[in-house]
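Inside the fold
Each chain, written out:
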Amino acid sequence: DTAVSQTPKYLVTQMGNDKSIKCEQNLGHDTMYWYKQDSKKFLKIMFSYNNKELIINETVPNRFSPKSPDKAHLNLHINSLELGDSAVYFCASSRQSGGYEQYFGPGTRLTVT
Amino acid sequence: QKEVEQNSGPLSVPEGAIASLNCTYSDRGSQSFFWYRQYSGKSPELIMFIYSNGDKEDGRFTAQLNKASQYVSLLIRDSQPSDSATYLCAQRANSKLTFGKGITLSVRP
């Protein structure tokens, strides 16, 4: 009964490949987020969806494309992976949009070689 | 750029002491503030949030907010080795959370 889950937990891939990360929440929340945490542990928002609608799109390369098939799921597809994409990607959710209390998934550690 | 600064740290305190973690912010429009704890290799975990000036207590944790001086702090009383982690301060403004870089706390047994 994990509240926010992500798959896979680890992802090792080569430059130029395309990969996806999936996220699901069973909290009944309306809003979901993708964050990137780099090697210096700095946590930065990438995208936010409220009830399947994109509401926040930070300055992220367009190689990154989020998709929300329903309000409980938010996926992240990354094209043409680069070395600098190596990081931990966290999914989070909150009851409503607006940056309220957010609950994080376990993270996906992406390593691009 | 609306930033959240956590410039002190790493912080080391003996078991049983009070740990004081500080955070300053630049956006006067920030509406609320959050403290997250992140153990090494784990995800951030929400421990407290505060919207109003003053203190908010929850068990051994007290969050303090001073909007005039633009700082928010987290006090951990009776620190335990299990409190050793990185603590992230976040502000809510413009419908999103902006995080500081975190302060690493080590509690010595």
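Heads up: these notes are all about the structure in this document.

Residues and elements named next belong to chain B. In spatial order, the strands read S1-S3-S8-S7-S6; together these five strands make up an open sheet with antiparallel pairing. The strands lining the two open edges of the sheet, one partner per strand, are strand S1 (4–5) and strand S6 (54–58). The pairing of S6 with strand S7 (residues 61–66) spans five bridges and is classified as antiparallel. Along S7, the bridge assignment pairs Gly 54 with Leu 65.

Time to look at the packing of aromatic side chains. Two numbers describe a pair of aromatic rings. These are the distance of the centres and the angle of the planes. According to the stated counting rule, one finds 11 aromatic pairs over all chains in the structure shown. With centroids separated by 6.2 Å and ring planes inclined at 35 degrees, the aromatic side chains of A:Tyr33 and A:Tyr35 adopt a geometry described as tilted. Looking at A:Tyr35, the relative accessible area reads 0%, which means it is buried. Put simply, the rings of A:Tyr33, A:Tyr35, A:Phe90, A:Phe104, B:Tyr36 and B:Phe99 pair up and form one aromatic cluster. The aromatic ring of B:Phe49 is capped on one face by B:Lys56, whose charged end is 3.7 Å from the ring centroid. Against the face of A:Tyr100 rests B:Arg92, its NZ or CZ located 4.0 Å from the ring centre.

So, how was this worked out
- Each residue is numbered by its place in its chain's sequence as written, counting from 1.
- Going through the entries in the order they are written, you letter the chains from A and number the ligands from 1.
- Thresholds applied to this predicted model are a pLDDT of at least 70 for local features of residues and 80 or more for the giving and counting of side-chain atom pairs; totals over whole chains, interfaces and linings are not thresholded and use all residues.
- Side-chain calculation: all heavy atoms of the structure are included, whereas hydrogens and water are not.
- One bridge is not enough; two strands pair if DSSP finds at least two bridges between them.
- For the purposes of this entry, the term helix denotes a DSSP run of H or I that reaches at least four residues, the term strand denotes a run of E that reaches at least two, and both are numbered from the N terminus.
- Under the pairing criterion, centres of Phe, Tyr and Trp rings, with the six-membered ring standing for Trp, must be within 6.5 Å; the plane angle then separates stacked pairs below 30 degrees from edge-to-face pairs above 60, leaving the rest tilted.
- The rule is simple: take the accessible area with a 1.4 Å probe, protein chains only, and divide by the maximum for that residue type; under 20% is buried, over 50% is exposed, in between is partly exposed.
- Placement of a charge over a ring requires the Lys NZ or Arg CZ to be within 6 Å of the ring centre, with the centre-to-atom vector within 35 degrees of the ring normal.

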